[in-house]
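Geometric and topological summary
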Amino acid sequence: TRSLTITSVDQSMFEKAQGEKVTLPCTFELSEEDEGPLDIEWVLIPADNQKRELIIIMYSVDRVYDQYYAATTRRMQFTNLDPKSGDGSLDILNLKAADTGTYQCKVKKAPGVQSQKIQLTVLVKPARTKCSIEGSQEIGKDVTLKCVSQEGSPLLSYDWRRVSGTQHLPATSVLNKNTGELLLKNASREYSGRYNCVASNRVGTDECSVELNVTPPVNTAAIIVGAIIGTLLGLSILCSIIFCFCKKHREKKYEKEVHHDIREDVPPPKSRSSTARSYIGSNRSSLGSMSPSNMEAYTKTPYSQVPSEDFERAPAQNPAFAPSKVAAPNLSRMGAVPVMIPAQSKDGSIV
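From a predicted model like this one, the values you see are computed outputs, not experimental measurements. Position labels on residues start from 1 in each chain and follow its written sequence. Owing to the predicted nature of the model, reporting of local features is limited to residues with pLDDT of at least 70; listing and counting of side-chain atom pairs is limited to 80 or more, with chain, interface and lining totals taken over all residues. The side-chain quantities take in all heavy atoms of the structure and omit both hydrogens and water.

**What to know about the overall build of the chain**
Along the chain, the regular secondary structure elements total four helices and 18 strands. Across the 351 residues of the chain, 27% fall into the buried class. In this analysis, two residues are considered to be in contact whenever any of their non-hydrogen atoms come within 4.5 Å of each other. Look at the contacts in the chain between residues 6 or more apart in sequence, and 57% of them connect residues 24 or more apart. Accessible areas in this description were obtained via Shrake-Rupley with a 1.4 Å probe; residue shielding takes into account the shown protein chains only. Carbon and sulfur atoms make up 55% of the accessible area of the chain, which amounts to about 23,800 Å² in all. In this text, helices come from DSSP runs of H or I with a minimum length of four residues, and strands from runs of E with a minimum of two, each type numbered from the N-terminal end. Using a 1.4 Å probe on the protein chains alone, a residue whose accessible area is under 20% of its type maximum counts as buried, one over 50% counts as exposed, and one in between counts as partly exposed.

Here it is in structure tokens:
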């Protein structure tokens, strides 16, 4: 007595690159005893046993159900449009790294039930590989060439080769295929040239290149001396600018203080008219206090100008007062009392 059997048991592991297509086989044979409805089911078994299985696609009662797992919608389909013919293989399109896992094909037709597990590994090709130089590119120094891929499934392997010149790596070079570092010890001018790095894994390769230029050592002493001289020169120029600025600022401040300095102890100048009035008034008072006997002597004494406290008139502008024009004051009208004024005689005695 025969029962349902799965015939595709030759390959249980697949390795594919990201973006490719894979076909997971699941062929079977039915027996006469299998009279129930045919069910074909593909599930993804998670690596964590605590998580439940995810149904990807199913065929039941002549109908396909593929809306169970959103991440695989439109990317997973049965290879044969009529799975009941004995081919329940699964096609996965545009593979992604997340598709890595264990897939199980279950075929059920009562009373027969069979299943098969297949391990799928989706590898990512090396991509965005970058090359760089670490260390001083001087004669006699150690230089390290680095190569790193930003993408790519392990295990990645790196290999360096020289593109220009002899196309052979220097004799003192040390290569680490796992890290992608190429150490060039005691570099010389002959090491100069273009170097190429190839990153690879089981599904693809990627490349990058770098230009190495080994030069004579730099005279560091001259550079340091030049830097010191330049710094001192810059500081001297800066100090000169600051000194000139401060000096100019002090001069402006002094001029401003002198211009606005007001001395409170100096009285304001008197006008010419007020000075003249005060002088004439004082003379009139003197005239009022004199007696008639002294008027003649007073009138004979001339005065040429009115004194001023602020300025002095030019000779042409100072009119002389003639003695004849000064009239004797009317003592009676003034109501003044005659005052006796001492006089000096010819021999010097006072009378």
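**What to know about the sheet that holds strand S6 (residues 54-60)**
A pair of strands is treated as paired once DSSP finds two or more bridges between them. The sheet built from six strands is open, its strands ordered S2-S11-S10-S5-S6-S7 with mixed pairing. This sheet does not close on itself; its edge strands, each paired only once, are strand S2 (13-17) and strand S7 (63-65). Neighbour-to-neighbour, the strand axes of this sheet turn through a mean angle of 20 degrees, independent of strand direction. With three bridges joining them, S6 and S7 adopt antiparallel strand pairing. Opposite Tyr59, over in S7, you have Val64 as the bridge partner. Orientation is described by axes fitted as lines to C-alpha atoms, over the contacting stretch for helices, and by angles from 0 to 180 degrees between their N-to-C directions.

**Some details on the nonpolar core**
Throughout this description, the term nonpolar core refers to a set of buried Ala, Val, Leu, Ile, Met, Phe, Trp, Tyr and Cys residues connected via side-chain atoms within 4.5 Å. Core analysis: the largest hydrophobic core is formed by 25 residues, its most contacted members being Leu24, Trp42, Ile92, Tyr103, Val107 and Leu120. Counting residues per element, the ones that place at least two in this core are strand S3 (22-24), strand S5 (38-45), S6, strand S8 (76-78), strand S9 (90-92), strand S10 (101-109) and strand S11 (112-123). With four residues, S5 is the single largest residue contributor to this core. Those residues in contact with Tyr103, other than ones at most four positions away along the chain, are Leu24, Trp42, Val43, Leu44, Ile56, Met76, Ile92, Gln116, Lys117, Ile118 and Leu120. Residues Leu145, Cys147, Trp160 and Ala187 belong to the second largest nonpolar core, which totals 18 residues.

**Description of the state of the cysteines**
Disulfides are defined in this document as cysteine sulfur pairs within 2.5 Å. Scanning all chains against the criterion turns up three disulfides. Here Cys131 is linked by a disulfide to Cys208, with a sulfur-sulfur distance of 1.8 Å. Handedness of the Cys131-Cys208 disulfide follows from its S-S torsion of about 75 degrees: it is right-handed. Highlighted residues: Cys131 in strand S12 (residues 127-134) and Cys208 in strand S18 (residues 204-212), separated in sequence by 77 residues. Each member of the pair, Cys131 together with Cys208, is buried. Residue Cys147 pairs covalently with Cys197 via a disulfide, S to S 2.1 Å.

**A look at the sheet that holds S8**
Pairing is antiparallel across the open sheet formed by three strands, whose spatial order is S3-S9-S8. The two strands at the open ends of the sheet, each matched to only one other strand, are S3 and S8. Mean inter-strand twist for the sheet, computed between neighbouring axes without regard to direction, equals 25 degrees. Judged from the three bridges that link them, S3 and S9 form a sheet pairing that is antiparallel. Bridged to Thr23 within S9 is Asp91.

**Observations concerning the environment of Glu151**
Looking at the secondary structure, you find Glu151 in strand S13 (residues 143-151). For Glu151, a relative accessible area of 35% translates into the label partly exposed. A sequence separation of 23 residues divides Glu151 from Arg128, and the C-alpha atoms of the two residues are 6.5 Å apart. Each residue touching Glu151, except ones within four places of it in the same chain, is listed here: Lys125, Pro126, Ala127, Arg128 and Leu156.

**Topic: the side chain of Glu138**
Relative to the elements of secondary structure, Glu138 occurs in the loop between S12 and S13. For the purpose of charge, His is not counted, nor are the chain termini; Lys and Arg are scored as positive and Asp and Glu as negative. Salt bridge, as applied in this entry: a Lys or Arg side-chain nitrogen positioned within 4 Å of an Asp or Glu carboxyl oxygen. For the buried Glu138, no salt bridge exists, and the shortest N-O distance to an oppositely charged side chain is 4.8 Å, to Lys141. Those residues within four positions of Glu138 in sequence are excluded, and the remaining contacts are Ala187, Val214, Thr215, Pro216, Pro217 and Val218.

**Concerning the side chain of Ser149**
For Ser149, the location among the structural elements is in strand S13. A distance of 2.6 Å separates a polar atom in the side chain of Ser149 from a polar atom in the side chain of Thr129. In this structure Ser149 touches Pro126, Ala127, Arg128, Thr129, Leu156, Tyr158 and Ala199, once residues within four positions along its chain are discounted. Between N or O atoms, a polar contact is any pair within 3.5 Å; within protein, one atom must be a potential hydrogen donor and the other a potential acceptor, and residues adjacent in sequence are included only when both atoms are from side chains.

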